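Structural features, examined
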Amino acid sequence: MSNIDYSSKIPNNVNLSEDRTLQRALEGWLPNYLDWWQDMGPSGSHGFDVYLRTATSTTPDGWATFGHVKMPDYRWGIFLAAQEADRKVNFGEHKGEAVWQDVPGEHRANLRRIIVTQGDTEPASVEQQRHLGNTAPSQYDLRNLFQVNVEEGRHLWAMVYLLHKHFGRDGREEAEALLERRSGDADNPRILGAFNEETPDWLAFFMFTYFTDRDGKFQLNALAESGFDPLARTTRFMLTEEAHHMFVGESGVSRVIQRTCQVMKETGIEDPAELRKKGVIDLPTIQRYLNFHYSVTIDLFGADQSSNAAIFYSSGLKGRYEETKRTDDHLLKGDGYKILEVKDGALVEKEVPMLNALNEVLRDDFIKDSAGGVARWNKVIEKAGIAFRLTLPHKAFNRHIGTFAGIRVSPDGRAISEAEWAANVNDWLATEEDRAYVASLMGRVVETGKYANWIAPPAIGINKQPVDFEYIRFN
Ligand SMILES: [Fe+2]
Ligand SMILES: [Fe+2]
């Protein structure tokens with residue numbers, strides 16, 4: 001089961017050839033997918049040989065096989081983690097029952113919605129990132145962009161497989177619609193807000209892969225607990241790939257910081273405007289980018305109180321992060337959870353039923369996880385002997401979903417007036433001017449082993465290759 005059949009049109013480990021109808025349906029979707037990739041994959045990159053990892057099995061020794069692949073001939077496929085014998089539903093009202101191999105009729109609409117919402121984010125990020133191919137700061141970084149993008153494409157395949165196999169005609173229609181929506185399109189946008197924002201430059205890309213791909217990690221972890229076993233197995237394998245996406249983000253931001261600190265030390269310059277003349281990204285600008293991407297990303301977890309979240313949990317469709325490692329009753333019926341609200345102009349805690357607060361629970365788990373990388377970025381600054389520190393803004397800052405939508409909160413967590421917001425927002429969120437400056441640094445570096453001036457080379461290359469390895473053959 002764990003070995004992948006590469007001989008068929010669609011590589012897979014789900015015995016696709018034994019289900020002719022499904023195979024034909026997916027082979028019908030394939031050319032539409034390739035058209036979408038042609039239009040929306042990294043721009044201007046057809047014919048490049050890119051050093052990529054491809055899964056040849058879903059076991060630890062086989063899922064990352066490296067070699068140069070001529071784009072767009074990457075073999076996207078359908079890979080599920082191995083089936084766990086006698087797996088049970090671990091939470092909610094069906095707790096203790098055998099997991100479902102087919103969609104239970106009563107949960108069909110909700111499951112479809114969960115799968116479509118997850119699936120929609122995958123092509124969206126590829127669309128958001130497509131112009132970055134023109135401005136990669138090195139071959140190493142361009143290769144990473146490709147790796148992230150081909151895997152987001154594969155994640156779309158993962159969700160489309162579930163839709164085709166388990167949801168009949170409306171599943172096939174949803175699969176088509178996933179190729180029709182476009183990130184940022186006025187008429188037919190992607191489903192979730194953050195996936196309609198632009199990723200205009202490489203600092204934005206690194207922040208996106210650090211924060212927004214981490215949202216992916218938490219959503220996928222919650223779905224990996226699902227009582228619908230095919231969804232759990234699909235998302236479990238997706239998670240192995242997601243780790244690299246977050247690595248690209250964390251190490252990317254870290255290398256930007258490292259280069260800035262190096263120039264600060266060499267020149268003794270601290271003034272951002274003067275540093276910009278040296279062609280590096282000043283630390284306050286990095287903080288403003290961080291504030292933007294973090295706040296937009298935590299909106300993705302949804303409203304702090306949600307009856308849908310309660311239904312998804314109680315029905316056994318979507319668990320919590322590390323559900324099975326928790327020691328409570330996994331029903332949560334009488335339990336409470338503290339969320340924030342604004343009362344008399346101040347943020348105060350309020351206890352609500354935990355079942356309704358599960359979006360907030362997942363958001364808080366995400367927040368804890370996000371802090372680790374920020375601490376490591378600060379180590380780089382500290383090591384350079386510079387006093388500046390990056391921080392995560394308060395979770396109520398710049399929110400557009402839930403209790404805090406429309407309420408002004410400072411990065412340090414004070415409810416503030418519109419006037420105070422307006423007077424300070426340019427210090428808190430990346431401005432047009434910041435973005436124009438960062439954009440001015442973006443140029444295409446194609447020589448093997450060369451890196452743009454605003455970013456340090458990585459400490460080590462991909463798959464332990466040297467940093468001056470030929471990651472891309474441009475042909
Ligand atoms: Fe993904
Ligand atoms: Fe990802």
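Remarks on the environment of A452
With respect to the helices and strands, the residue A452 is situated in the loop between helix 12 (432-441) and strand 5 (472-473). Considering only alpha carbons, one finds A452 and V380, 72 residues apart in sequence, at a separation of 19 Å. Not counting residues within four places of it along the chain, the set of residues in contact with A452 comprises P137 and V445.

Focus: the coordination of the iron ion (ligand 1)
Looking at the iron ion (ligand 1), one finds its protein donor set to be E122 (OE), E152 (OE) and H155 (ND1), positioned 2.0 to 2.2 Å from the metal centre. Taken in chain order, the donor set of the iron ion (ligand 1) reads E-x29-E-x2-H. The distance between the iron ion (ligand 1) and the iron ion (ligand 2) is 3.5 Å, with E152 acting as a donor to both metals. Here E152 lies in helix 3 (residues 139-166) and E122 lies in helix 2 (residues 108-129), a separation of 30 residues in the sequence. Accessibility expressed as a relative area gives 3% for E152, which makes it buried.

Focus: helix 4 (residues 168-180)
Its 13 residues place the ends of helix 4 19 Å apart at the C-alpha level, agreeing with the 18 Å of an ideal helix rising 1.5 Å per residue. Of all the positions in helix 4, only G171, A175, A177, L178 and L179 are classed as buried. Buried positions along helix 4 lie against helix 1 (20-40), helix 2 and helix 3.

Notes on the pairing of strand 4 (residues 346-353)
Note: strand 3 (residues 336-343) against strand 4, 8 bridges, orientation antiparallel. Directly across from K338, in strand 4, lies its bridge partner E351. Linking strand 3 back to strand 4 in an antiparallel pair, the connection comprises 2 residues, with D344 at a positive phi of about 45 degrees.

A short note on the coordination of the iron ion (ligand 2)
Surrounding the iron ion (ligand 2) are the protein donor atoms E152 (OE), D213 (OD), E242 (OE) and H245 (ND1), at 2.0 to 2.2 Å. Taken together, the 4 donor atoms surrounding the iron ion (ligand 2) define angles of 90 to 171 degrees at the centre, an arrangement classified as irregular.

Some words on the sheet that holds strand 1 (residues 49-54)
A sheet is described by the order of its strands in space; here 3 strands give the open sequence 2-1-5, paired in antiparallel fashion. Each end of this open sheet is capped by a strand with a single partner; those strands are strand 2 (65-70) and strand 5. Taken together, the 6 bridges between strand 1 and strand 2 define a ladder with antiparallel strand orientation. Paired with Y51 across the bridge in strand 2 is H68. Sheet contacts for helix 3: strand 1, strand 2 and strand 5; angle to strand 1, the most-contacted strand, approximately 50 degrees.

Brief notes about the packing of aromatic side chains
Tallied over the full model, the rule gives 31 aromatic pairs. Site record: aromatic cluster; members linked through ring pairs are Y210, F211, F218, Y294, F301, Y321, F366 and W377. Lying across the ring of Y210, R214 places its NZ or CZ 4.2 Å from the centre. Looking at R435, its charged tip hangs above the ring of F292, at a distance of 5.0 Å from the centre.

Focus on the nonpolar core
One finds M71, I286 and W454 to be the most contacted residues of the largest nonpolar core, which totals 111 residues. Here this core gets 14 residues from one element, more than from any other, and that element is helix 3. Not counting residues up to four positions away in its chain, the partners in contact with W454 are P137, W202, F206, V256, R259, G279, V280, I281, L441 and M442.

Some details on the pairing of strand 1
With 6 of 6 residues buried, strand 1 is to be regarded as a mostly interior element. Of the two faces of strand 1, both are covered, the one formed by D49, Y51 and R53 as well as the one formed by V50, L52 and T54. One ladder, built from 2 bridges, connects strand 1 with strand 5; its direction is antiparallel. For V50, the partnering residue across the bridge sits in strand 5 and is I472.

Considering unusual backbone geometry
With an omega of 5 degrees, the peptide bond between M71 and P72 qualifies as cis. One can find P72 in the loop between strand 2 and helix 2. One non-glycine residue with positive phi stands out, namely H330, at about 60 degrees. Its relative accessible area of 10% is what places H330 among the buried residues. Despite not being glycine, L332 has its phi angle at roughly 70 degrees, a positive value. As for its placement among the helices and strands, L332 is situated in the loop between helix 9 (307-314) and strand 3. A relative accessible area of 0% places L332 in the buried class.

What about empty space enclosed by the protein?
Evaluated as defined, the whole model comprises 4 cavities of 30 Å³ or more. If you add up the space inside the largest cavity, you get close to 100 Å³. If you go around the largest cavity, you meet 13 residues; those closest to its centre are T121, E122, F195, D213 and G216. Elements with a minimum of two residues in the lining of the largest cavity: helix 2 and helix 5 (202-223).

Remarks on the pattern of salt bridges
A complete count under the given rule lists 37 salt bridges for this structure. Here E151 makes a salt bridge to R53, at a shortest N to O gap of 2.7 Å. Placement of E151 in helix 3 and of R53 in strand 1 is noted, with a sequence separation of 98 residues between them. Taken as a pair, E151 and R53 share a single burial class, namely buried. Between R236 and E84 there is a salt bridge whose closest N-O contact spans 3.8 Å. With R236 in helix 6 (residues 229-267) and E84 in the loop between strand 2 and helix 2, the pair connects residues that are 152 residues apart, well separated along the chain. According to the relative accessible area criterion, E84 is partly exposed, its value standing at 43%.

Reading the values: rules and limits
Residues numbered from 1 in each chain as written. Chains lettered and ligands numbered in written order. Predicted model: local features only at pLDDT ≥ 70, side-chain atom pairs only at ≥ 80, totals over all residues. Heavy atoms only, no water. Helix = DSSP H or I, 4+ residues; strand = E, 2+ residues; numbered from the N terminus. Contact = heavy atoms within 4.5 Å. Donors = N, O, S within 2.8 Å, 3.2 Å for Na, K, Ca; no water. Buried < 20%, exposed > 50% of the residue type's maximum accessible area, 1.4 Å probe, protein only. Expected span 1.5 Å × (residues − 1). Pairing = 2+ DSSP bridges. Tetrahedral: all angles 85-135°; square planar, octahedral: opposite > 155°, others 65-115°. Axes fitted to C-alpha atoms, helices over the stretch in contact; angles between N-to-C directions. Phe/Tyr/Trp six-rings, centres within 6.5 Å; stacked < 30°, edge-to-face > 60°. Lys NZ or Arg CZ within 6 Å of the ring centre and 35° of its normal. Core = buried A, V, L, I, M, F, W, Y, C linked by side-chain atoms within 4.5 Å. 1 Å grid on protein atoms, 1.4 Å probe; cavity = no way out; pocket = protein on both sides within 12 Å on 5 of 7 lines; lining within 4 Å. Points joined across faces, edges and corners; volume = space filled by probe spheres on them. Salt bridge = Lys/Arg side-chain N within 4 Å of Asp/Glu carboxyl O.

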